[in-house]
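Coordinate inspection notes
Read off the chains here:
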Amino acid sequence: MSTINTTEEQQGVSVSETKTPYSNRLAAIASGEKVPSVIHEAVAREEHTLEISDFNLWYGVKQALFDIELDVPYGQVTSLIGPSGCGKSTLLRCVNRMNDLIGTVRIEGNMELNGDSIYKVGVDVIELRKRMGMVFQKPNPFPMSIFENVVYPLRIDGERNKAVLEEICEKSLRGAAIWEEVKDRLQESALSLSGGQQQRLCIARAIASEPEVLLLDEPCSALDPIATGKIEDLIGELRGEYTILIVTHNMQQASRISDYTALMYLGRLVEYGPTLDIFTKPKLKETEDYVTGRFG
């Protein structure tokens, strides 16, 4: 394992006094050296929904992820941040095995969802994906009614009881903070909703089957500031009930909504710890420079 667990006592020491110089560390990563991650001790003290161990991924001969060690705490929001092309979305999509659809992909290492291996030979990928909810950058409601969008995961699983479907629909729309806006429009096309409403509808659809983890891939990148604020408020409301792993390019958003934050760079995990520490007292100068906008 290539992880360094630094002690709590070190947190009071200047970053520049204890860490590899900024240019050397990033240059080492860029040159392909195996640079150890820094993971705060607070991560290990949590109960974890998702555990990623020594995970590597290649697209053909090009390696995109290197030795990722990332345990995602139960019931909390974990943000993946880093420059464009650093592997954030690639890692997120590995969790529900979307990268299986790319023929040139090869992986090493493992991921476990509540103790069950995601990549074990013989895993039923369809059943696996039912345990996760996925929301993409651009809202992708189906061309059907609002009601049918929400209950779609239940229908494909064989649920036909109208009362059950209606109950889950209302519960999910309430959970996604959009029930009051659409309760009288359930039979209208989902495509008639605004972009922000469509994204909250997609979140309602994602939580309808009560997933063990919610995967959000830059869910606000296509939205205006008002809609973004509503999605951020919603994520805060879902905290505790769901484990959430979110990719975001917005530093302010990560600092506002997440409990834990992981910085990635060129396919490597650089530093991972409580969000407050990552943004106010990171252990690495590289992290400090990124979150303060000095690079990236």
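What you see is a predicted model; the values in this text were computed from it and never measured.

A word on the overall build of the protein. When helices and strands are counted, the protein shows 13 helices and twelve strands. At 20 Å, the protein has a C-alpha radius of gyration in line with the 19 Å of a compact globule built from 296 residues. Along the first, second and third principal axes, the C-alpha set of the protein runs to 60 × 45 × 30 Å. A buried classification covers 53% of the 296 residues belonging to the protein. The long-range fraction of contacts in the protein, counting pairs at least 24 apart against all pairs at least 6 apart in sequence, stands at 71%. Accessible area of the protein: about 13,300 Å², with a carbon and sulfur share of 50%. Each charge class in the protein can be summarised by its mean position, and for the 31 positive and 43 negative side chains these summaries are 4 Å apart.

The next point concerns the packing of aromatic side chains. Where two aromatic rings form a pair, the distance of their centres and the angle of their planes describe that pair. For the coordinates displayed, the defined rule picks out three aromatic pairs. Arranged with centres 4.9 Å apart and planes meeting at 70°, the rings of F142 and Y152 form a pair that is edge-to-face. Placement of F142 in the loop between β8 (132–135) and α6 (146–156) and of Y152 in helix α6 is noted, with a sequence separation of ten residues between them. Residue classification places F142 among the partly exposed positions, given a relative accessible area of 25%. The ring centre of W58 lies 3.9 Å from the NZ or CZ of R106, which sits over that ring. In this structure, R205 packs its charged tip against the face of F142, placed 4.0 Å from the ring centre.

The next subject is the packing of helix α7 (residues 162–175) against helix α9 (residues 195–207). Helices that pack against each other are described as a pair by the angle of their axes relative to one another and the distance between those axes. One way to put it is that α7 packs onto α9 with a least axis distance of 8 Å and a crossing angle of 125°. As summarised for this structure, α7 and α9 are arranged oblique, according to the angle between their axes. α7 and α9 meet at a crossing whose hand is right-handed. Contacts between α7 and α9 involve S172, L173 and G175 from the first element and L201, A204 and I207 from the second.

Between its terminal C-alpha atoms α9 stretches 19 Å, which fits the 18 Å expected from 13 residues at 1.5 Å a residue. Counting buried positions along α9 yields twelve of 13 residues, so the element is predominantly enclosed. Within the span of α9, buried status applies to G196, Q197, Q198, Q199, R200, L201, C202, I203, A204, R205, A206 and I207. Buried residues along α9 sit in contact with β8, α6, α7, α8 (179–182), β9 (213–217) and α10 (225–238).

Residue position: T78 is located in strand β5 (residues 77–81). Relative accessible area serves as the criterion here: at 0%, T78 is assigned to the buried category.

Looking at the protein as a whole, its pLDDT mean stands at 91, while 92% of the residues score no less than 70. Below pLDDT 50 for its whole length, residues 1–18 participates in 31 contacts with residues either more than four positions away or in separate chains.

As enumerated under the stated definition, the model contains 22 salt bridges in all. Between K130 and E127 there is a salt bridge whose closest N-O contact spans 3.0 Å. Here K130 and its partner E127 are both found in helix α5 (residues 125–130), three residues apart, which amounts to about one turn of the helix. One salt bridge connects E166 with K162, and the closest N-O pair in it is separated by 4.0 Å. Of this pair, E166 and K162 both sit in helix α7, four residues apart, roughly one helical turn. Residue class for E166 comes out partly exposed when judged on its relative accessible area of 41%. A network of salt bridges, in which partner residues are shared, links E170, R174, E180 and K183.

Here I244 shows up in strand β10 (residues 243–247). Apart from residues lying up to four places away in sequence, I244 is in contact with Q76, V77, T78, L214, L216, I235 and L238.

So, about the environment of L70. Considering the arrangement of structural elements, one finds L70 in strand β4 (residues 62–73). Between the alpha carbons of L70 and S258 there is a distance of 15 Å; along the sequence they are 188 residues apart. Ignoring sequence-local partners within four residues, the contact set of L70 consists of L50, E51, I52, L80, L91, A262, L269 and Y272.

Time to look at α10. For α10, with 14 residues, the first-to-last C-alpha span of 20 Å sits near the 20 Å given by 1.5 Å per residue. Residues of α10 that are buried include every one of A227, T228, I231, E232, L234, I235 and L238, and no others. Buried residues of α10 fall within an arc of 160° about the axis and therefore sit on the same side. Opposite the buried face of α10, at more than 90 degrees from it, the exposed residues are P225, I226, D233 and E237.

Reading the values: rules and limits
- Residues numbered from 1 in each chain as written.
- Predicted model: local features only at pLDDT ≥ 70, side-chain atom pairs only at ≥ 80, totals over all residues.
- Heavy atoms only, no water.
- Helix = DSSP H or I, 4+ residues; strand = E, 2+ residues; numbered from the N terminus.
- Rg over C-alpha atoms; globule rule 2.2 N^0.38 Å.
- Buried < 20%, exposed > 50% of the residue type's maximum accessible area, 1.4 Å probe, protein only.
- Contact = heavy atoms within 4.5 Å.
- Areas by Shrake-Rupley, 256 points an atom, 1.4 Å probe, with all protein chains shown as cover.
- Lys, Arg positive; Asp, Glu negative; His and termini not counted.
- Charge placed at Lys NZ, Arg CZ, Asp CG, Glu CD.
- Phe/Tyr/Trp six-rings, centres within 6.5 Å; stacked < 30°, edge-to-face > 60°.
- Lys NZ or Arg CZ within 6 Å of the ring centre and 35° of its normal.
- Axes fitted to C-alpha atoms, helices over the stretch in contact; angles between N-to-C directions.
- Parallel < 35°, antiparallel > 145°, perpendicular 65-115°, else oblique.
- Left-handed = near helix turned anticlockwise from the far one by under 90°.
- Expected span 1.5 Å × (residues − 1).
- pLDDT = per-residue confidence, 0-100.
- Salt bridge = Lys/Arg side-chain N within 4 Å of Asp/Glu carboxyl O.
- Arc of directions from axis to C-beta.

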